[in-house]
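A closer look at the structure
Listed below are the residues making up each chain.
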Amino acid sequence: MNFSEVFKLSSLLCKFSPDGKYLASCVQYRLVVRDVNTLQILQLYTCLDQIQHIEWSADSLFILCAMYKRGLVQVWSLEQPEWHCKIDEGSAGLVASCWSPDGRHILNTTEFHLRITVWSLCTKSVSYIKYPKACLQGITFTRDGRYMALAERRDCKDYVSIFVCSDWQLLRHFDTDTQDLTGIEWAPNGCVLAVWDTCLEYKILLYSLDGRLLSAYSAYEWSLGIKSVAWSPSSQFLAVGSYDGKVRILNHVTWKMITEFGHPATINNPKIVVYKEAEKSPQLGLGCLSFPPHRAGAGPLPSSESKYEIASVPVSLQTLKPVTDRANPKIGIGMLAFSPDSYFLATRNDNIPNAVWVWDIQKLRLFAVLEQLSPVRAFQWDPQQPRLAICTGGSRLYLWSPAGCMSVQVPGEGDFAVLSLCWHLSGDSMALLSKDHFCLCFLETEAVVGTACRQLGGHT
Amino acid sequence: MGDWMTVTDPGLSSESKTISQYTSETKMSPSSLYSQQVLCSSIPLSKNVHSFFSAFCTEDNIEQSISYLDQELTTFGFPSLYEESKGKETKRELNIVAVLNCMNELLVLQRKNLLAQENVETQNLKLGSDMDHLQSCYSKLKEQLETSRREMIGLQERDRQLQCKNRNLHQLLKNEKDEVQKLQNIIASRATQYNHDMKRKEREYNKLKERLHQLVMNKKDKKIAMDILNYVGRADGKRGSWRTGKTEARNEDEMYKILLNDYEYRQKQILMENAELKKVLQQMKKEMISLLSPQKKKPRERVDDSTGTVISDVEEDAGELSRESMWDLSCETVREQLTNSIRKQWRILKSHVEKLDNQVSKVHLEGFNDEDVISRQDHEQETEKLELEIQQCKEMIKTQQQLLQQQLATACDDDTTSLLRDCYLLEEKERLKEEWSLFKEQKKNFERERRSFTEAAIRLGLERKAFEEERASWLKQQFLNMTTFDHQNSENVKLFSAFSGSSDRDNLIVHSRQPQKKPYSVSNGSPVCMSKLTKSLPASPSTSDFCQTRSCISEHSSINVLNITAEEIKPNQVGGECTSQKWSVASRPGSQSFGKHL
């Protein structure tokens, strides 16, 4: 595993282009586009103010930079550096901006969710969509970029509108049986829309593309409900994480629950591997010093080493006592993600913040548990293989795969606190983001060796 | 009187005393009252009584006291103290014998009484102690009773308290339930209130939004604008189309298409799954039938009604099974048949297994008895045999020991020892001779083999030479062909195949043990084909080397070609690669040297 040098970054804005060739990062009001392989700066754009949001267009030709404070969006072209586009929302204000899947339209949400303005880069036309709902996840596009679903609120009722992205024509408009809709999400196959209600009520509704209600599911009443929802990449499963600390898996045939995964604080099953991160202060004995010094450029010695130990069952995980009299208590399943091959599901229970649970979806059982020394900040699956990268806000990167897991110290002067990470589409590298720096981590050496081995094996 | 005194029994000292006292103080006249008093005052003697007694009989009242005593004694059933009077007028005489007898009896009585008294006293003591014991027991029991009573009262008290508590808890529970109900009601009311408020607020908010919208949006805000250098083309290169009814219909169509595709895809998946499941079922069925068929005959012979009918079903099913097309029928028609047949077979299997189980258990039971007996007999026989053997062995050992001892005893005799040694040596010599002859035979065999091998090698060398010549000629020919014809490939192919055929024939001649070799064709003149060929070759010491050459060829085919061209006349590229590979195969016996060449 290799690490690039450290580059400057502000507000965690660093994104790989969808084609995997470029890497855009922001430093205050400057947008820097680098080549992924050489990390040389290809373009440098200067915006009018501090950038708060960036997004690549789907064809990797344009980047939009949103400056919400100013109500401004600036678009840059990678092919024509002199080309520029500036959208000013004026007094209407701006709270969100995103590309349409065709990469030629920009959807700006004005302040107070008064409307969504659809700006076209091809024609002068401007469309408005009224009554968008102010909620966590109110806009969702299908994977093929054909349709957009939008949550709306009119006359104290929730509606969902489905638009055809090619000409922004309204295809379907239907009301949903929700108290206060919180999120919508298309299935990866683009045929089913999952709609879930506010956390006060456990309710998830599944609508077909043509607006028919396929099914409604509610696990319980009178308690805080859904916290997170994720579709499996195969569209076969819908994982619903809730405040009761359980993940319920719905199937795509009957839309009934197949199984539920509890997240108890103690693990008794001896079949489950529990990896426990253990910290070891380096032994600075005389014997250690007498060794020849490390290779030049290896960086300073880490203050302490960390490695995984396989804990023997029963294992009790560190739990956090939630403050129940505050809003948004730290309980329930806050994060869940399917591996790209749909074989594994990674979850985090917010009142056991140090642990990541990996579930085997084929056998519908717990596969492994990773307990970190500090709360898990983010995790993301390798887009190519079942490999999970985890960061905890410390200077280490953690990787899990079915074969085992490891922790890697990010080299560099001082601590590089990894707050977030994102994989490159090839799975060979990933960007590690700290508060004001980022670096790339290359894993391809390992992969190349692996493939080489495989090729050799194939030949002989 | 003096006689009377002397007659008194010396053993009865206490009595005699009193008597002596009587005698000494006989002057006292006994009064009846007195005497009665004395008699009443019981037997225990005291000085007072003595004094009374002393007053009983005096000199004056001897007669009276005698008569009195006589009277008393007669009333107690003693014989009279007086002699039988012959005449009434005659004064009755005191019969001393009777007196003495009486006295003796009295004394005996006295002793008896004393004994009885002692007994009674000991009994009295015993009873007293018993009494004490019982009293203590009684008191203890009383205490126990008291304590248990107290305990009972305590328990009752506790029970009462617990009941009280229980009642309280019930009350509390009820209260809590009420509370919960109340709270739920409150929650519900709050929720409705909250929802109502929310709605109100939202309406207000909406109004405000509308107003804001009007204010902000309708006023031509100059600022709201897009400043763009030039418009870019659409990603798909098309121009944007106008929105018309047509586009709407098209969108609908597309949407339904997508949905339909999805459903079709799912249906396909389900069909595939179904087909696989059917396959599994079919296989299961087949296996079941095959499993059940060998024992089909048996029950038929047994004329078992139930199994017989079922087996006929099995046969029917087997007939059905042969019609594979049945599986492609829609599910509904097949399903019933399938499930029914499977069920039937399952039942058969089950009954069969059960039967087997029964049989096994029966056999086990029967066999256990029979075999056990037999085995026991065997055992006994065996043990007897073994014991006999042991005894024989022991005897042998004994005799040997004896012999040894004798030998030891006669060890000093050199003659005998030398003789013994000699006999041992002779034995060894004989054995060695035998081994020697064996070795010789083996050696002969080896030599024969070697000779045959060398002959074969010579033959191989010759053949190789011939083959090389042939190859040279062929290459020449090929070269000529190459230069003469335009469409080389086809010609080469033909030639090559012809050649490979001939080489094959050669091989067949040389190694008659490779009859399975396939004739080579040009189409599989690739490394894959090579590997196949190597596999078809029998394992021989040269195969490993051959593999090496093969890998060399596959990796550096061009170099290989060059090598060959350097060695031989240049073949063309296309044919060359093939020939090089073919060639190495064909010349397998010499491949070792080839590996070295390459």
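Residues numbered from 1 in each chain as written. Chains lettered and ligands numbered in written order. Predicted model: local features only at pLDDT ≥ 70, side-chain atom pairs only at ≥ 80, totals over all residues. Heavy atoms only, no water.

Heads up, the condition is: UniProt positions are given in the numbering used here, feature names are shortened, and annotations may be inferred rather than shown by experiment.
Taking an unreviewed UniProt entry as the reference, chain B is identified by name as SSX family member 2 interacting protein belonging to Pongo abelii. Taken from UniProt, the Sequence similarities (unreviewed entry) comment for chain B reads in full: "Belongs to the ADIP family."

In the nomenclature of an unreviewed UniProt entry, chain A is known as WD repeat-containing protein WRAP73 of Pongo abelii. Turning to chain A, the UniProt record has this under Subunit (unreviewed entry): "Interacts with SSX2IP." UniProt lists a comment for chain A under the heading Subcellular location (unreviewed entry), and it reads "Cytoplasm, Cytoskeleton, Microtubule organizing center, Centrosome".

**Brief notes about the overall build of chain B**
The test is simple: Segments assigned H or I by DSSP are reported as helices when at least four residues long, segments assigned E as strands when at least two residues long, and all are numbered from the N terminus. Burial classes: relative accessible area under 20% of the type maximum marks a residue as buried, over 50% as exposed, and values in between as partly exposed (1.4 Å probe, protein chains only). Only heavy atoms matter for contacts: two residues are in contact if any of them lie within 4.5 Å across the pair.
If you tally the helices and strands in chain B, you get 17 helices and one strand. When burial is assessed residue by residue, chain B has 22% of its 598 residues classed as buried. Taking the contacts inside chain B whose residues are at least 6 apart along the sequence as the reference set, 64% of them involve residues at least 24 apart.

**Some points on the overall build of chain A**
Of regular secondary structure, chain A possesses two helices and 41 strands. Within chain A, contacts between residues separated by at least 24 positions form 44% of all contacts whose residues are at least 6 apart in sequence.

**Regarding the sheet that holds strand S4 (residues 22-27) of chain A**
All names here are of chain A. The test is simple: What makes two strands pair is DSSP finding at least two bridges between them. Every axis corresponds to a line fitted to the C-alpha atoms, with the helix fit spanning only the stretch in contact, and the corresponding angles, defined between N-to-C directions, vary from 0 to 180 degrees.
Sheet architecture is open: four strands sit in the order S3-S4-S5-S6, paired in antiparallel fashion. Unpaired on one side and paired on the other, strand S3 (14-16) and strand S6 (41-46) mark the two borders of the sheet. Across this sheet, the average inter-strand angle for adjacent strands is 15°, counted without regard to direction. When S3 meets S4, the two strands line up antiparallel, connected through three bridges. Across the sheet, Cys 14 pairs through a bridge with Ser 25, a residue of S4.

**Describing the interface of chain B and chain A**
The line we're drawing: Two parts placed together each lose some accessible area under a 1.4 Å probe, and adding up what both lose gives the buried area. Think of a salt bridge as a Lys or Arg side-chain nitrogen and an Asp or Glu carboxyl oxygen that are within 4 Å of each other. Here the term charged refers only to Asp, Glu, Lys and Arg, the term nonpolar to Ala, Val, Leu, Ile, Met, Phe, Trp, Tyr, Cys and Pro, and the term polar to all other amino acids, Gly among them.
Residue-level contacts link 41 residues of chain B with 53 residues of chain A. Carbon and sulfur atoms make up 54% of the surface buried where chain B meets chain A, a total of about 4,300 Å² over both sides. Our count for the contact surface shared by chain B and chain A stands at four salt bridges. Here A:Arg153 and B:Glu202 are joined by a salt bridge, their closest N and O atoms 2.5 Å apart. Elements represented by at least two residues in the side of chain B that touches chain A include exactly helix H6 (96-218), strand S1 (225-228) and helix H7 (245-292) of chain B. By residue number, the principal contributor to the side of chain B that touches chain A is H6(B), which donates 13 residues. Residues belonging to the side of chain B that touches chain A are distributed by class as follows: 18 nonpolar, eight polar and 15 charged.

**Observations concerning the UniProt feature "coiled-coil region" (unreviewed entry) in chain B**
Taking the numbering used here, the UniProt-annotated feature "coiled-coil region" (unreviewed entry) corresponds to residues 131-218 and 376-403 of chain B. Split by type, residues 376-403 of chain B is 100% helix and 0% strand. Its first and last C-alpha atoms lie 40 Å apart.

**Here's the deal with unusual backbone geometry**
Residues and elements named next belong to chain A. Within the chain, Asp 155 stands out as a residue other than glycine whose phi angle is a positive 50°. Relative to the elements of secondary structure, Asp 155 occurs in the loop between strand S16 (147-154) and strand S17 (157-164). Judged by its relative accessible area of 64%, Asp 155 falls in the exposed class. In this structure, Asn 328 is a non-glycine residue whose phi angle is positive, near 50°. Within the secondary structure layout, Asn 328 lies in the loop between strand S30 (315-316) and strand S31 (333-338). Taking the relative accessible area as the measure of exposure, Asn 328 reaches 62% and is therefore exposed.

**Some remarks on the sheet that holds strand S10 (residues 84-88) of chain A**
On the basis of which strands lie adjacent, the open sheet formed by five strands has the order S7(A)-S8(A)-S9(A)-S10(A)-S1(B) and antiparallel pairing. Where the open sheet ends on each side, the last strands, each with one partner, are strand S7 (53-56) of chain A together with S1 of chain B. Each adjacent strand pair in this sheet contributes to an overall mean axis angle of 15°, direction not counted. As paired elements, strand S8 (residues 62-67) of chain A and strand S9 (residues 72-77) of chain A share six bridges and run antiparallel to each other. The partner of A:Ile63 across the bridge, within S9(A), is A:Trp76.

**Considerations on a positive patch on the surface**
Residues and elements named next belong to chain B. The criterion, for reference: Like-charged residues are merged into a patch within 9 Å and nonpolar side chains (Val, Leu, Ile, Met, Phe, Trp, Tyr) within 5 Å, provided each residue has over 30% relative accessible area and no salt bridge. Each accessible area is a Shrake-Rupley estimate made with a 1.4 Å probe; only the visible protein chains count as cover when residues are assessed. When charges are tallied, Lys and Arg are placed among the positive residues and Asp and Glu among the negative ones, while His and the ends of the chain are skipped. Where a charge sits is defined by one atom per residue type, namely NZ (Lys), CZ (Arg), CG (Asp) or CD (Glu).
Positive charge collects at one region of the surface, where Lys 440, Lys 443, Lys 444, Arg 448 and Arg 451 lie side by side. Along the chain, Lys 443 falls in helix H11 (residues 414-484). Judged by relative accessible area, which is 55%, Lys 443 ranks as exposed.

**Quick look at the environment of A:Leu9**
Residues and elements named next belong to chain A. Turning to its location among the elements, Leu 9 is positioned in the loop between strand S2 (7-8) and S3. Taking the C-alpha atoms as reference points, Leu 9 and Ser 434, 425 residues apart in sequence, are found 8.0 Å from one another. Discounting chain neighbours no more than four positions away, the residues touching Leu 9 are Cys 14, Ser 25, Cys 26, Val 27, Leu 433, Ser 434, Lys 435, Asp 436, His 437 and Phe 438.

**Regarding the confidence of the model for chain B**
All names here are of chain B. For clarity, the threshold we go by: Values of pLDDT, which run from 0 to 100, indicate the predictor's confidence residue by residue.
Considering every residue of chain B, the mean pLDDT works out to 70; 56% of them sit at 70 or more. The secondary-structure element of chain B with the lowest mean pLDDT is helix H16 (residues 573-586), recorded at 39, while H6 shows the highest, at 91. The low-confidence segment residues 297-322 (pLDDT under 50) makes 26 contacts with residues lying over four places distant or belonging to another chain. Confidence drops under pLDDT 50 across residues 486-598; counting only partners more than four residues distant or on other chains, this segment forms 113 contacts. As a predicted assembly, this complex carries a pTM of 0.58 together with an ipTM value of 0.75.

**A word on a negative patch on the surface**
Among the surface-exposed residues, B:Glu427, B:Glu428, B:Glu430, B:Glu434 and B:Glu435 lie close enough to one another that they form a single negatively charged patch. As for its position among the elements, B:Glu430 is in helix H11.

**Let's talk about the confidence of the model for chain A**
Close reading of the predicted structure is inappropriate where its pLDDT is low. All names here are of chain A. Residues of chain A with pLDDT of at least 70 account for 91%, and the chain-wide mean is 86. Every residue in residues 284-302 scores below 50 in pLDDT, and together they form five contacts with partners more than four places removed in sequence or on other chains. In this model, residues 447-460 is a region of pLDDT below 50 whose contacts with residues beyond four sequence positions or in other chains number zero contacts.

**Things to note about a nonpolar patch on the surface**
On the surface, A:Leu200, B:Tyr194 and B:Met198 cluster together into a nonpolar patch covering about 290 Å² of accessible area. The residue B:Tyr194 is located in helix H6 in this model.

**Things to note about the pairing of S7(A)**
All names here are of chain A. Here S7 shows no split at all, with His 53 and Glu 55 on one side and Ile 54 and Trp 56 on the other all buried. Across four bridges, S7 lies against S8 in antiparallel orientation. Across the sheet, residue His 53 finds its bridge partner in S8, namely Ala 66. Here S7 folds back onto S8 in antiparallel fashion, the turn holding five residues, of which Ser 60 has a positive phi close to 65°.

**A word on the nonpolar core**
All names here are of chain A. What counts here: Note on terminology: a nonpolar core comprises buried Ala, Val, Leu, Ile, Met, Phe, Trp, Tyr and Cys residues joined through side-chain atoms within 4.5 Å.
Among the nonpolar cores identified, the biggest contains 37 residues, and Tyr 147, Val 160, Ile 162, Ile 204 and Leu 238 are the most heavily contacted of them. If we ignore the near neighbours within four places in the chain, the residues touching Ile 162 are Tyr 147, Met 148, Ala 149, Gln 169, Leu 170, Leu 171, Arg 172, Phe 174, Trp 186 and Leu 209. One finds Ala 230, Val 315, Leu 345 and Trp 357 within the second-largest nonpolar core, a separate group that totals 23 residues.

**Details of helix H5 (residues 62-75) of chain B**
Given 3.6 residues per helical turn, the α-helix brings residues three or four places apart onto the same face. Residues and elements named next belong to chain B. Put simply, the test is: One fewer than the residue count of a helix, multiplied by 1.5 Å, yields its expected span.
Its 14 residues give H5 an end-to-end C-alpha distance of 19 Å, which sits within 8% of 20 Å, the value for a rise of 1.5 Å per residue. Within H5, the full set of buried residues consists of Ile 62, Ser 65, Ile 66, Tyr 68, Asp 70 and Leu 73. The first or second residue beyond H5 is Gly 77, which carries a positive phi of 95°.

**With respect to the pattern of salt bridges**
For the structure on display, the rule yields 28 salt bridges over all chains. One salt bridge in this structure joins A:Arg212 and A:Asp210, with 3.2 Å as the shortest N-O distance. You can call A:Arg212 partly exposed: its relative accessible area is 41%. Ionic pairing is found between B:Arg200 and B:Glu204, a salt bridge with its closest N-O pair at 3.8 Å. With B:Arg200 and B:Glu204 both in helix H6 and four residues apart, this pair spans about one turn of that helix. Using a relative accessible area of 42% as the deciding quantity, one classes B:Arg200 as partly exposed. Taken together, the shared-partner salt bridges connect A:Lys133, A:Arg153, A:Asp158, A:Asp180 and B:Glu202 into one network.

**Observations regarding the side chain of A:His424**
Residues and elements named next belong to chain A. Note the following rule: A 3.5 Å cut-off defines polar contacts: any pair of N or O atoms within that distance qualifies, except that in protein one atom must be a possible hydrogen donor and the other a possible acceptor, and neighbouring residues in sequence count only when both atoms are side-chain atoms.
With respect to the secondary-structure elements, His 424 resides in the loop between strand S39 (420-423) and strand S40 (429-433). Reaching out from His 424, the side chain makes a polar contact with the side chain of Ser 426 at a distance of 2.8 Å. Excluding its chain neighbours within four sequence positions, the residues that come into contact with His 424 are Phe 16, Gly 20, Val 36, Pro 383, Ser 429 and Met 430.

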